[in-house]
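# Examining the three-dimensional arrangement
Below, each chain spelled out in residue letters.
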Amino acid sequence: MPIATVNPANGETLKTYEAMGEQEIERRLQLAEATFRTYRTTTFDERARLLHRAADLLEEDQQDIARVMTTEMGKPIQQARAEAAKCAKAMRWYADHAEELLADEEPADSDVKDSGASRVRVRYRPVGPVLAVMPWNFPLWQVIRFAAPALMAGNVGLLKHASNVPQTALYLEDLFHRAGFTEGTFQTLLIGSGAVDEILRDERVKAATLTGSEPAGRAVASTAGEMIKKTVLELGGSDPFVVMPSADIDRAAKVAVTARVQNNGQSCIAAKRFIVHTDVYDAFAERFTAGMKALKVGDPMADDTEVGPLASEQGLRDVEELVDDAVRSGAQVLCGGERPDGPGWYYTPSVLAGITREMRIHREEAFGPVATLYRAADLDEAVLIANDSPFGLSSNVWTRDEEEVDRFVRDLEAGGVFFNGMTASHPAFPFGGVKRSGYGRELSGHGIREFCNITTVWHGA
């Protein structure tokens, strides 16, 4: 795949970039290693000052970088602006909380005494250069949620971004440099995916984090495992959105539309499978389908556009194939189900009903504005359908029954359960999944500690 900016609204190639050669990659690896030796000794106050400055600069750049993101991957411009603002918020959160999150821990006095020590501390220390392999769908946010905690912990970053968002990738490197971070603290590697394996095998790279597809996660995890290096993986998701009889059906249907088509439906944590109790199925399906039909699809640069193009022609073909397979197997198309006429990689917001386990869309992630509807006889069947997926990233449940709340928290196989709302990430809360959605956690104290050496410091009596 070439490293290029291709506008998904019309298919026009705007900029192309040469991949970095071996000499430049080696220079950057040397620089990362050398920078880490010094950067790891900086204070939390110094790091926080730099990260606050980066947040300020990002807010100043908000309009321009939003246009770059929309041009490169097609998200509606209002969502691009919101993404930039969210990144600034996360940087400030980690700047303000990192020292507290990584403070030394003191075991209980009785345990210290029992060990024969006069004092014991647990200290969090940075591990070194961390390689981040990041996707195109949230080209700023996915990087910042790794970079902000990693840099505050004293690590340095090497970014291998998706090949279709090179301008965003270069902007991120420039942002940190302008904020005052030294050159080797955060570097973008303009490379293809084929170069990742060799870089991950390099002894100077101490760990890796990847957000992306399951095959990409398998490849990185395999190499990292062979090299005995820590990894955090956030892979696909096919999140359930369960609606029970006690729910506010009007509100649930309205939120369901947003939950499905955010980022043009190209989000791992977008709700994709809508599992509705039979008592309220017809009412929800009617409202939800009407909401999906009413969405404005169009130019992502227009402020009133709600759904823009998919990011790539291949992504569009993948969605079409999933829908066509489902229809051939008996699924009913309640709305959409087609590519509109005209240029660009658009797909109409779609709702499919009558889904069966034999359909590909039941077990594969639909990365576009396509929703699947399921009817559940009761809570037990809703949980069964929700868990009948290889993924387990997040989940949404609409109910006002506290006993049902307890059951869903206990039984859903997911890294998060969001009640009476849609899944969203926040820097204070851990983010990640189970099963084939990956392992490890981003954000919160859990995220900043993922790439730390947890060191026991023991003093004799």
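Just above, that's the structure.
Thresholds applied
- Residues numbered from 1 in each chain as written.
- Predicted model: local features only at pLDDT ≥ 70, side-chain atom pairs only at ≥ 80, totals over all residues.
- Heavy atoms only, no water.
- Buried < 20%, exposed > 50% of the residue type's maximum accessible area, 1.4 Å probe, protein only.
- Helix = DSSP H or I, 4+ residues; strand = E, 2+ residues; numbered from the N terminus.
- Right-handed = clockwise from strand over helix to strand, strands pointing away.
- Pairing = 2+ DSSP bridges.
- Expected span 1.5 Å × (residues − 1).
- Arc of directions from axis to C-beta.
- Contact = heavy atoms within 4.5 Å.
- Axes fitted to C-alpha atoms, helices over the stretch in contact; angles between N-to-C directions.
- 1 Å grid on protein atoms, 1.4 Å probe; cavity = no way out; pocket = protein on both sides within 12 Å on 5 of 7 lines; lining within 4 Å.
- Points joined across faces, edges and corners; volume = space filled by probe spheres on them.
- Nonpolar A, V, L, I, M, F, W, Y, C, P; charged D, E, K, R; others polar.
- Polar contact = N/O pair within 3.5 Å; in protein donor to acceptor, adjacent residues only side chain to side chain.

In terms of burial, strand β10 (residues 271-277) is largely enclosed, as seven of its seven residues are buried. For the segment spanning strand β9 (residues 239-243), helix α10 (residues 249-261) and β10, crossover handedness is right-handed. In this structure, β10 lies alongside strand β13 (residues 370-376), joined through five bridges in parallel fashion. If you follow phenylalanine 274 over to β13, its bridge partner there is leucine 373.

Taking 1.5 Å per residue, 13 residues should reach 18 Å; helix α11 (residues 281-293) reaches 18 Å between its end C-alpha atoms and fits that length. Inspection of α11 places Tyr281, Phe284, Ala285, Phe288, Thr289 and Met292 among the buried residues, and these make up the whole buried set. Around the axis of α11, the buried residues are gathered within 120° of arc, so they sit on the same side. Residues of α11 that are exposed and point more than 90 degrees away from the buried face comprise Asp282, Glu286 and Lys293. Check the buried side of α11 and you find it contacts β9, α10, β10, β11 (332-335), β12 (350-353) and β13.

Most of strand β8 (residues 230-234) sits inside the fold, with four of its five residues counted as buried. For strand β7 (residues 207-211) and β8, the ladder comprises five bridges, and the chain directions are parallel. The residue of β8 that forms the bridge with alanine 207 is lysine 230. Chirality of the crossover, the property in question, places the unit of β7, helix α9 (residues 214-227) and β8 among those that are right-handed. Strand direction decides the pairing type here: β8 and strand β18 (residues 438-439), joined by two bridges, are antiparallel. Counterpart to leucine 233 in the pairing with β18 is tyrosine 439.

Quick look at the sheet that holds strand β4 (residues 129-133) now. The strand order across the open sheet built from six strands is β6-β5-β4-β7-β8-β18, with neighbouring strands paired in mixed fashion. The outermost strands of the open sheet, each flanked by one partner alone, are β6 (186-188) and β18.

Now for the sheet that holds β9. Spatial strand order, β11-β12-β13-β10-β9-β15-β16: seven strands in an open sheet with mixed pairing. The sheet is open, and its two edges are formed by β11 and β16 (418-419), each paired on a single side. Across five bridges, the pairing between β9 and β10 is parallel. Looking at β10, one finds that phenylalanine 241 is bridged to phenylalanine 274. Strands in contact with helix α14 (residues 379-387) are β9, β10 and β13; relative to β13, the strand with the most contacts, it is inclined by about 145°.

If a probe the size of a water molecule is rolled over the atoms, the empty space left behind becomes visible. The volume enclosed by the largest pocket comes to roughly 1200 Å³. Lining of the largest pocket is provided by 43 residues; of these, Pro135, Trp136, Gly212, Ser213 and Ala216 occupy positions nearest its centre. Of all the secondary structure elements, the ones that give two or more residues to the lining of the largest pocket are α8 (196-201), β7, α9 and α12 (313-328). By residue number, the principal contributor to the lining of the largest pocket is α9, which donates six residues. The residue inventory of the lining of the largest pocket, partitioned by class, reads 21 nonpolar, 16 polar and six charged. Of the voids in this model, the second largest pocket is the one considered here, and its volume is about 630 Å³. Gln79, Phe138, Gln262, Asn263 and Met422 are, among the 32 residues lining the second largest pocket, the residues nearest its centre.

Our next topic: the side chain of serine 350. Along the polypeptide, serine 350 turns up in strand β12. Separated by 2.6 Å, the side chain of serine 350 and the backbone oxygen of threonine 348 make a polar contact. Residue contacts for serine 350: discarding those within four places in its chain leaves Met292, Cys335, Gly336, Gly337, Pro369, Val370 and Ala371.

The next subject is empty space enclosed by the protein. Scanning all chains against the criterion turns up four cavities of 30 Å³ or more. The volume enclosed by the largest cavity comes to roughly 100 Å³. At four residues, the largest contribution of residues to the lining of the largest cavity is made by helix α6 (residues 141-152). Of the residues that constitute the lining of the largest cavity, the class distribution is seven nonpolar, three polar and four charged. Here the second largest cavity is characterised by a volume of approximately 60 Å³. Contributing to the lining of the second largest cavity are 14 residues, with Pro240, Ala386, Ser394, Glu413 and Ala414 lying nearest its centre.

The values are spatial; any link to function lies outside them.
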